[in-house]
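Residue-level structure breakdown
The primary structure of each chain is shown beneath.
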Amino acid sequence: MQLSDKARFPSFIRTIPSDKNQVDGIVLLLLKFNWRWIALLGTDDDYSQDGIKTLNEQTREHGICVAYENTIPQSSSAVGHMLRNIVYLNVKVVVVFATGQPVTDLMRQAIASNVGDIVWVASEAWSLSQSIPKMPGISRVGTVLGMAVKGMALSGFDQFIQSTRNSWNGSFQKKSSAFLGATSNQGSCNQHCPQCSQISASAVQDFDSTFSFSVYSAVYAVAHALHRVLKCDGKICKRSEPVLPHQILQNMKEESFTLNGRTISFDKSGDPPPQYEVVFWDTTSQPASFKRVGSYASDSGDSGTRFVVREEDIKWHASGHIPVALGSKDCIPGFKKTPYGIHTCCFNCEPCTAGTFVNQSDPYNCQPCPQDEWSDDESAFCQKRTLEYLDYNDHFSIGLLVCAGLMCTVSVAVAIVFAVHHDTPVVKSSGGKMCFFMLGCLGVSCLSIGCFFGVPTTWKCILRNPVFAVLFTACLCCLSVRTFQVICVFKIAAKMPKVYEFWVKKNGQWMFVTAAVGLQIFMCGLWVGIEGPHPFNDTQAVRGQIIYDCGMGNMFAFTAVIAFVGLLSVLCFAFSYFGKDLPKDYNEAKYVTYSLLVFFFTWVAYLTAYVVYSGKYIPLINAISVLASLASILVGYFIPKCYVILFKPEYNTTAHFQTCIQNYTKTISSK
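Residues numbered from 1 in each chain as written. Predicted model: local features only at pLDDT ≥ 70, side-chain atom pairs only at ≥ 80, totals over all residues. Heavy atoms only, no water.

Describing the side chain of D282
Selection criterion: Per the convention used, a helix needs a DSSP run of H or I reaching at least four residues, while a strand needs a run of E reaching at least two, with both numbered from the N terminus. Remark: exposure states derive from per-residue accessible area (1.4 Å probe, protein chains only) relative to the maximum for the residue type, with buried under 20%, exposed over 50%, and partly exposed in between. Pairing of N or O atoms within 3.5 Å defines a polar contact, subject to two protein rules: one partner must be a possible hydrogen donor and the other a possible acceptor, and residues neighboring in sequence count only if both atoms are side-chain atoms. In this description, contact between two residues means that some pair of their heavy atoms is separated by no more than 4.5 Å.
Examined against the element boundaries, D282 turns out to sit in strand β8 (residues 275-282). Looking at D282, the relative accessible area reads 4%, which means it is buried. A polar contact is formed between the side chain of D282 and the side chain of K291, at a distance of 3.3 Å. Among all residues touching D282, those that are not within four sequence positions of it are A288, S289, K291 and K315.

Following this line, the structure appears as structure tokens:
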């Protein structure tokens, strides 16, 4: 890898790929089989140390943990101790990026130690070793995979070796010993090789031919560069001046040619495109053989990186299954990884809580579900929530709307009855014109019931409780002043005539109603202005659902509005209680009490449900409480008077009322 540094080696060009590409291929092989708990072994040389360093960097980037790293020791006992450490750490995959005799010693000791459950990943320096596969018992070491530079058979090479060897046998035997002594210490650039006379042709042919094509292509690369510098064509060279080395170097950097079907070119670092083969040692055959089970190639073109492994061609030692090499067993879906120790591959599995999930993009953290989704405990994904709200088509909604329409109709009917009999004592004693104001408030409040159903909007939310609070306040004020006015006539007028006179002349009943309603309008306006009722998505109430409803907004303002209504209710109840001994035609105590009790009970029920229950039927309970409060006044106060007007006309006369007053006066006088 250092040779690719052009600052240090500007004139270095090679036809064998850089070891960095080999490291890339090894990492891809580890990732292919999800091997993330490995050991790295090397030797004390630049080739090995550079490779180990780059492997450490690459594995760290890809989440592969190096559980053990060491240089192969020289003594067999130290090698045995190293293997025992690897077994102790439960390492199943060992990458050996090394060369030379240490690898042979390592594999010999592995055979002796019978470590048969390990996958050995060999670098190209020994992946096609001719001696190690022939060791007795090599099948006991486990599975051996390796990266090898992609070779290519050289056409005619075997015939050339055979013919050359025959010529050596005929010519060199005739050479004198003096000639042999003179040439044995001198190199020769031609085909004469006195030292080769003792080597058989078969020995040359059986030698590791991994780099034969690299040597072959290197010679052709120089030849092509020289050919271009000399401006040669098919017959002659046109350049006669001397050729300088930098000229050949420059042409080699720029050249690209095809040799035996393979393109020969160099990148800016002087390296060729990497082409590797993944080899598998088939130790079941005798002798052991090498099988090409995959390939790795990379270039800067459109094809990019190509890495292929044919898993079916690999005979795994572990019962025929791909060995598992993980620090900790992978967490099941829905559990996050919580690392412990120094390695990210060592972790505990912890479940994700409801409303969160964990996926492969970030297995160490439980991520919250989006607002419109939900999940159970131990979830690997979120599910879409269903949107729930009280629709107009709901049976309860239809029932309440019918009741609201019926009440509105009854309010109009009562108003008509009162209008027709407006001069009668019953209507006058009930409040006269104030009755029409109350009936108008009741009718409008009934119409607002429609705002409790359908998709909530800002205006619907405002037209629910704030409008009811104002209109119901007006009704309570009218009831209060009605009972207070009767008390004034019978009890206060005689004792405090000036107070009674002020009340009558200044139209005190309307002043009180206006002031109280105005104060309630101000409080409701303040409520809406600070933070009024508004639509919101309740994702916490029901698992798997989004309850689309109106929030109450500022709870302090809401409480103040309800408290003011409650205060008026208590005041109205007090006035009706003080007038319980008045003439029965003027005594509204039992009717007012009935109306107020219904109001209290329904709103206590609603507020309790609002606190303890969360669901789409909260608006329904709210609407029932509103409708019941309105019905209590309509049924408890107005319907009895309509009954007297329509069915007991003899009680709706001035004479009858005067008789009641006289009887009351006699009773008081007798006391």
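A word on the UniProt feature "transmembrane region" (unreviewed entry) in the protein
We count it as follows: UniProt positions are given in the numbering used here, feature names are shortened, and annotations may be inferred rather than shown by experiment.
The positions that UniProt labels "transmembrane region" (unreviewed entry) are, in the present scheme, residues 396-422, 434-455, 467-490, 510-530, 555-579, 591-613 and 619-639. Spanning residues 434-455, this segment combines 64% helix with 0% strand, and its end C-alpha atoms are found 36 Å apart. Each end of residues 619-639 is marked by a C-alpha atom, and these two atoms are 28 Å apart; helix forms 100% of the span and strand 0%.

Some points on the pattern of salt bridges
Applied cut-off: Whenever Lys or Arg places a side-chain nitrogen within 4 Å of a carboxyl oxygen from Asp or Glu, that contact is recorded as a salt bridge.
Following the criterion strictly, the structure yields 13 salt bridges and no others. A salt bridge links K20 to D24; the shortest N-O distance between them is 3.6 Å. Taken together, the residues K20 and D24, both in helix α1 (residues 19-32) and four residues apart, mark about one turn of the helix. The partner of R292 in a salt bridge is E277, with the nearest N and O atoms 3.0 Å apart. Here the residue R292 occupies a position in strand β9 (residues 289-298), and E277 occupies one in strand β8, the gap between them amounting to 15 residues. Connected through shared salt-bridge partners, D282, K291 and K315 make up one network.

A closer look at the nonpolar core
Note the following rule: For this analysis, a nonpolar core means a set of buried residues of the types Ala, Val, Leu, Ile, Met, Phe, Trp, Tyr and Cys, connected via side-chain atoms within 4.5 Å.
Formed by 64 residues in total, the largest nonpolar core has its most connected members in F418, L442, F453, F472, L630, I633 and F638. Contact partners of L442, with chain neighbours within four places excluded, come to S411, C475, L630, I633, L634 and F638. Listed in part, the 33 residues of the second largest apolar core include V115, I138, V141 and W281.

With respect to the confidence of the model for the protein
Rules: A residue's pLDDT is simply how confident the predictor is in it, with values from 0 to 100.
The predicted model of the protein has a mean per-residue pLDDT of 82, with 85% of residues at 70 or higher. Taken element by element, the predicted model of the protein shows its lowest mean pLDDT in helix α6 (residues 177-184) (41) and its highest in strand β3 (residues 93-97) (95). Predicted confidence is poor over residues 172-189, with pLDDT under 50, and the contacts of this stretch with residues over four places away or in other chains come to eleven contacts.

As for the sheet that holds strand β17 (residues 386-388)
Selection criterion: At least two DSSP bridges between two strands are required for those strands to pair. Here, axes are lines fitted to C-alpha atoms. For helices the fit covers the stretch in contact, and angles between N-to-C directions go from 0 to 180 degrees.
The strand order across the open sheet formed by three strands is β17-β19-β18, and the pairing between neighbours is mixed. Either end of the sheet is taken by a strand with one partner, and the two such strands are β17 and β18 (534-538). The sheet shows a mean angle of 25 degrees between the axes of neighbouring strands, direction not considered. Here β18 runs beside strand β19 (residues 545-551); their pairing, made up of five bridges, is antiparallel. If you follow H534 over to β19, its bridge partner there is G551.

Observations regarding the pairing of strand β4 (residues 118-122)
Here is the rule: By convention a crossover is right-handed if, when the strands point away from the viewer, the path from the first strand over the helix to the second runs clockwise.
Burial of β4 is extensive: five of the five residues sit out of reach of the surface. Because side chains alternate across β4, one face comprises the buried residues I118, W120 and A122, and the other comprises V119 and V121, equally buried. Of the pairings in the sheet, the one linking β3 to β4 comprises four bridges and is parallel in character. By the bridge assignment for β4, V96 is matched with A122. Handedness of the crossover is the feature at issue here: the chain leaves β3, passes through helix α4 (residues 101-113), returns alongside β4, and the resulting connection is right-handed. Examined bridge by bridge, β4 and strand β5 (residues 142-149) share five bridges and lie parallel to one another. Opposite A122, over in β5, you have G146 as the bridge partner.

Digging into the state of the cysteines
Convention followed: Our working definition of a disulfide is a cysteine sulfur pair at a distance within 2.5 Å.
By the definition in use, this model includes six disulfides. Two residues share a disulfide in this structure: C352 and C366, whose sulfurs sit 2.0 Å from each other. One disulfide, between C352 and C366, carries an S-S torsion of -85 degrees and so falls in the left-handed class. Here the residue C352 occupies a position in the loop between β12 (347-351) and β13 (356-357), and C366 occupies one in the loop between β13 and β14 (367-368), the gap between them amounting to 14 residues. On the basis of relative accessibility, which here comes to 1%, the residue C352 falls in the buried class. On the basis of relative accessibility, which here comes to 24%, the residue C366 falls in the partly exposed class. In this structure C346 is a free cysteine whose sulfur lies 6.5 Å from that of C65, the closest cysteine sulfur available. The exposure class of C346 is buried, given its relative accessible area of 14%.

Considering the sheet that holds β3
Across the sheet, which stays open at both edges, the eight strands sit in the order β2-β1-β3-β4-β5-β8-β9-β10 with mixed pairing between neighbours. Either end of the sheet is taken by a strand with one partner, and the two such strands are β2 (65-71) and β10 (305-309). Within the sheet, the average angular offset between the axes of one strand and its neighbour, ignoring direction, is 20 degrees. Contacts from helix α2 (residues 46-61) reach β1 (37-42), β2 and β3 within the one sheet, and its direction differs from that of β1 by about 160 degrees.

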